[in-house]
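Below, each chain spelled out in residue letters.
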Amino acid sequence: MNKSGWMKNFLRVLSLCIGLSALLFWVAPSRPANTLEKIQKSGYLLWGSDAEGGAPYIFPDPKDPSKLIGFEVDLADEIARELGVRPKQAQNAWDSLVPALMRGDSDIAMNGIEITPQRQKEVLFSEPYYIYTEQLVVRKDEEAIQGVDDLKGKKVGTLSGTVAQDILMNMGGVDVKIYAGQVEPYEDLAIGRLDAVLLDLPIAAYYAKPNPKLKYAGPPVGEGFYGIAIRKGDEDLKKRIDEILDKLMRTGRLKAIYEKWDLWNEQQEKLFLKAGGTEGYVSLEESKKAPVYTFFPTLLKGAGITIFISFVSMALAVSLGLVLTLMRLYGGQPLSGIATGYIEIYRGTPLLIQLYILYYGLPNIGISMNPLTAAFLGLGMNYAAYEAELYRAGISAVPKGQMEAALSLGMTRGTAVKRVILPQAFRIALPGVTNDFIALFKDSSLVSVIAMVELTKTYSILAASTLRFFELGLIVALLYFAMSYPLSLLARRLEDRLKRSKR
Amino acid sequence: MITVRGLHKYYEGHHLFKGIDLDIKKGEVVVFIGPSGSGKSTFLRCINGLEYFQQGEIVVNGIELHSINRLRPDRKDLENIRKVRLKVGMVFQQFNLFPHMTVLENIIEAPLQVLGADRTVTIEQARSLLRRINIERKAESYPEELSGGEQQRVAIARALAMKPEAMLFDEPTSSLDPEMVGEVLSVIKDLVNEGMTTLIATHEMGFAREVADRVVVFDSGDIIETGPPGEIFTHPKTERTRVFLSRVLKR
Ligand SMILES: Nc1ncnc2c1ncn2[C@@H]1O[C@H](COP(=O)(O)OP(=O)(O)O)[C@@H](O)[C@H]1O
Ligand SMILES: [Mg+2]
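These numbers were taken from a predicted model, which means no experiment stands behind them.

**Concerning the pattern of salt bridges**
For the structure shown, the criterion picks out 40 salt bridges over all chains. When the shortest N-O distance is used, the salt bridge between Lys-67 of chain A and Asp-61 of chain A registers 4.0 Å. On the accessibility criterion, Lys-67 of chain A (45% relative accessible area) is partly exposed. Of the charged contacts in the structure, one is a salt bridge between Arg-5 of chain B and Asp-23 of chain B, with a shortest N-O distance of 3.0 Å. Of this pair, Arg-5 of chain B sits in strand β1 (residues 2–11) while Asp-23 of chain B is found in strand β2 (residues 14–24), placing the two residues 18 residues apart along the sequence. Judged by its relative accessible area of 36%, Arg-5 of chain B falls in the partly exposed class. Overall, the relative accessible area of 38% leaves Asp-23 of chain B in the partly exposed class.

This is the structure in structure tokens:
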């Protein structure tokens, strides 16, 4: 029976974790000079897209949710095959795809990105691969709205950042409701919260057309092009991709993809010459019926990533927190001032903002890191401030006589802190640290904003494409609970032990 | 062995010591008495650097501690303080054993960490110390499992493990239940009989009388009287000493 044994083990685990996180920072990638070369060398085409954006572009296969499908998945397969490499999806929120491309998170971005003058200032575009139009959708029983001209004074839903939004805004007098996902506007329309929805035709074709409560109103309006976004400076990559698109059109492989997804229409004739066979696609109705266990592998993978992120972040928080506390209590100026400032700032600002600054803000001043590193740093640095406060409370709970006794035995302050004060302070702080670990587990869902597909993000991607928010939500909540409950039991045991061993 | 010259000590504006002088020879046993708050603890703590002082000097075994007016002592000051602490052991009223270490670990901690002593030898010496204070069988226990008297005896053994040349005791029996006072005092008595230079602040007048070579009476930060116990306890020179003694002896 050795009570200081846990301390030794704790320190051993701690140093291991510090080493591990150091390794992760070390592997943070730098932006490649030539993307085409990089693709060929690595054997992967990293294509940026948002699986939560949904069907028919890219979404989880209802029959096997661990697989992503969609017409752009098919197109990415074709392009990668022509490049002689394998496609790899790089997940990012749709409105961050172009910024993420620019910072080097992906080689190209392809996800219904409209070619606009605005975007052309920031990135190159391939030749268009699809001509989209905007389709107005209303309820079956709607008589008053026959087309876009009847929208004055009506509540009309659309997606944020789309061309459809611009059209509606420019019409004036329309009550525009902006949505982040493409499923919700149609849901709200069906139950009467909206009068109409204006969105890209592929979206309407997939989500609205099969819905018996909804119908198209009038012909498609507007006309625009989806293009593949490529970083400025990658002209040779653009040239290769244009050649490939041209080949896919000439051989009918592109048309086959569009027919498979029911996206083919006369507009596309302008892009195409030949046609191929069709295959039929999975409908929304079908994905609603898939047995729930088919989602398990995907959800468990998300849970694994959540666990991994939480453990590494916590290791960082625990060790950085210790450094901060030592600086603050024993460092003298200016170290103690720096530590105090750090702690106050990190505790006084939202974690979400810290994550945004870390991931999207720092690249502006030349510091760029991959999502995983940003997730560890963001969570770890935030929680370090809280751990530091716990340690400080722990240290001040150690009676003053302990330090005096250690000093009177000839120990230096450093030895006394290390051998006498910290072991006792840790023991006092441990229940709090364990509780923070539980909180961090749940806060780790916030890193989905920086392109990490962990458990919560996995859930929202799956739920958005299947509309099964309820049952999937319960399963995900259960998974979180299963992960955090053992920790709360541990925290309670540690608290009890502390209470029993009161001096 | 310990020389105090012109010692001045301020506590946040309160002028406690206004120039104290005291010489303590090797092997001498000096007992400090006086009312609570008169400065006995502060005096002992100045000697091993747990308190800084603002004027005067203290010389321990040839090592000089100077007054420290600055907010922080410099490196040289700290070195000297540490050298003094290596020669002077201290025992506190509250024992201050390390609660996360066993009795044995408490005793070997400083020799191993500070002196870099050999582990096997140190453990052997620690066990013989524990034998001397008669709690060898509790070597693997934690302080919380010990009685107050046992804890204080271990605290004494812990200080002795550093082989000090002088020992400071700050009211070593004041937080003990009455039935445990005797066992601690007898350990101190053994030490005194072995010739250890010893400074004790205490309210145990009988004990003071028995072991002291010299008694020093503090009042409000001043040494109001000093002399052999026989003299102080039977013919106190000052009125204040007389009042103090009659109050404690009545209790
Ligand atoms: N850390 C401190 N801060 C301010 N005043 C103190 C401090 N420690 C002791 N004092 C004061 O110094 C005086 C002497 O205290 P102390 O040396 O503990 O006396 P004693 O040990 O004789 O009871 C008391 O008046 C006490 O209030
Ligand atoms: Mg005292």
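**Looking at the interface of chain B and chain A**
Each partner contributes to the interface: chain B provides 25 residues, whereas chain A provides 24 residues. The largest contributions to the chain B side of the interface with chain A come from Phe-98, Pro-99 and His-100 of chain B, which together make up 26% of the buried area. Residue Glu-109 of chain B is joined to Arg-419 of chain A by a salt bridge in which the shortest nitrogen-to-oxygen separation is 2.5 Å. Linking chain B to chain A there are six residue pairs in polar contact (both at pLDDT 80 or more). Counting only elements with at least two residues in the side of chain B that touches chain A, the list comes to α2 (75–87), β6 (88–91), α3 (103–115) and α5 (148–160) of chain B. Of the residues forming the side of chain B that touches chain A, the biggest block, five residues, is contributed by α3 of chain B.

**Concerning the packing of helix α2 (residues 35–42) of chain A against helix α9 (residues 235–250) of chain A**
Residues and elements named next belong to chain A. Where α2 meets α9, the axes come as close as 7 Å, and the angle between the chain directions of the two elements is 65°. Taken together, the axes of α2 and α9 lie roughly perpendicular to each other. Between α2 and α9, the contacting residues are Thr-35, Leu-36 and Ile-39 on the first element and Asp-236, Leu-237 and Arg-240 on the second. Looking at side-chain class alone, the contact of α2 with α9 contains three nonpolar, one polar and two charged residues.

**Details of the pairing of strand β3 (residues 29–33) of chain B**
Residue and element names in this part refer to chain B. Most of β3 sits inside the fold, with five of its five residues counted as buried. Every second residue of β3 is oriented toward a common face, with Val-29, Val-31 and Ile-33 on one face and Val-30 and Phe-32 on the other, all of them buried. Here β3 pairs with strand β8 (residues 197–201) via four bridges, running parallel. Looking across to β8, one finds that Val-29 is bridged to Thr-198. Two elements, β3 and strand β9 (residues 214–219), share four bridges in a ladder whose sense is parallel. Bridge pairing in β9 places Val-31 opposite Val-215.

**Here we look at helix α10 (residues 253–260) of chain A**
Residues and elements named next belong to chain A. For α10, the set of buried residues is Leu-254, Lys-255, Ile-257, Tyr-258 and Lys-260. On its buried side, α10 packs onto α3 (71–83), β7 (130–139) and α9. Remark: Asp-262 follows α10 within two positions and exhibits a positive phi of approximately 60°.

**Details of a nonpolar patch on the surface**
A cluster of nonpolar residues, Tyr-293, Phe-296 and Leu-300 of chain A, forms a patch on the protein surface that exposes about 340 Å² of accessible area. Structurally, Leu-300 of chain A can be placed in helix α13 (residues 296–330).

**Section: the confidence of the model for chain B**
Model confidence for chain B is summarised by a mean pLDDT of 91, while 98% of its residues fall at 70 or above. This complex was scored by the predictor with a pTM of 0.69 and an ipTM of 0.94.

The rules behind these values
- Position labels on residues start from 1 in each chain and follow its written sequence.
- Chains carry letters from A onward and ligands carry numbers from 1 onward, assigned in written order.
- Local features in a predicted model are, by the rule used here, given only for residues with pLDDT of at least 70; side-chain atom pairs are given and counted only at 80 or more, and totals for whole chains, interfaces and linings are based on all residues.
- Water and hydrogen atoms were dropped before computing side-chain values, which therefore reflect all heavy atoms in the structure.
- For this analysis, a salt bridge means a side-chain nitrogen from Lys or Arg found within 4 Å of a carboxyl oxygen belonging to Asp or Glu.
- Type-normalised accessible area, obtained with a 1.4 Å probe on protein chains alone, sets the label of each residue: buried when under 20%, exposed when over 50%, and partly exposed for intermediate values.
- Secondary structure elements follow DSSP: runs of H or I no shorter than four residues count as helices, runs of E no shorter than two count as strands, and numbering proceeds from the N terminus.
- Two residues form a contact once any of their heavy atoms are found within 4.5 Å.
- Defined here as a combined quantity, buried area equals the accessible surface (1.4 Å probe) lost by two parts on assembly, summed across both.
- Pairs of N or O atoms within 3.5 Å make up the polar contacts considered here, provided that, within protein, one atom can donate a hydrogen while the other can accept it, and that residues adjacent in sequence are counted only when both atoms are side-chain atoms.
- To obtain each axis, a line is fitted to C-alpha atoms, and for helices this fit is confined to the stretch in contact; angles are then taken between N-to-C directions over 0 to 180 degrees.
- For classification purposes, an angle smaller than 35 degrees is called roughly parallel, one larger than 145 roughly antiparallel, one from 65 to 115 roughly perpendicular, and anything else oblique.
- Basically, the charged four are Asp, Glu, Lys and Arg, the nonpolar ten are Ala, Val, Leu, Ile, Met, Phe, Trp, Tyr, Cys and Pro, and anything else, Gly included, counts as polar.
- For two strands to count as paired, DSSP must find a minimum of two bridges between them.
- Each patch groups residues whose relative accessible area exceeds 30% and which form no salt bridge, using 9 Å between like charges and 5 Å between nonpolar side chains of Val, Leu, Ile, Met, Phe, Trp and Tyr.
- Residue burial considers only the protein chains on display, and all accessible areas are found by Shrake-Rupley using a 1.4 Å probe.
- A score between 0 and 100, pLDDT records how confident the predictor is in each residue.

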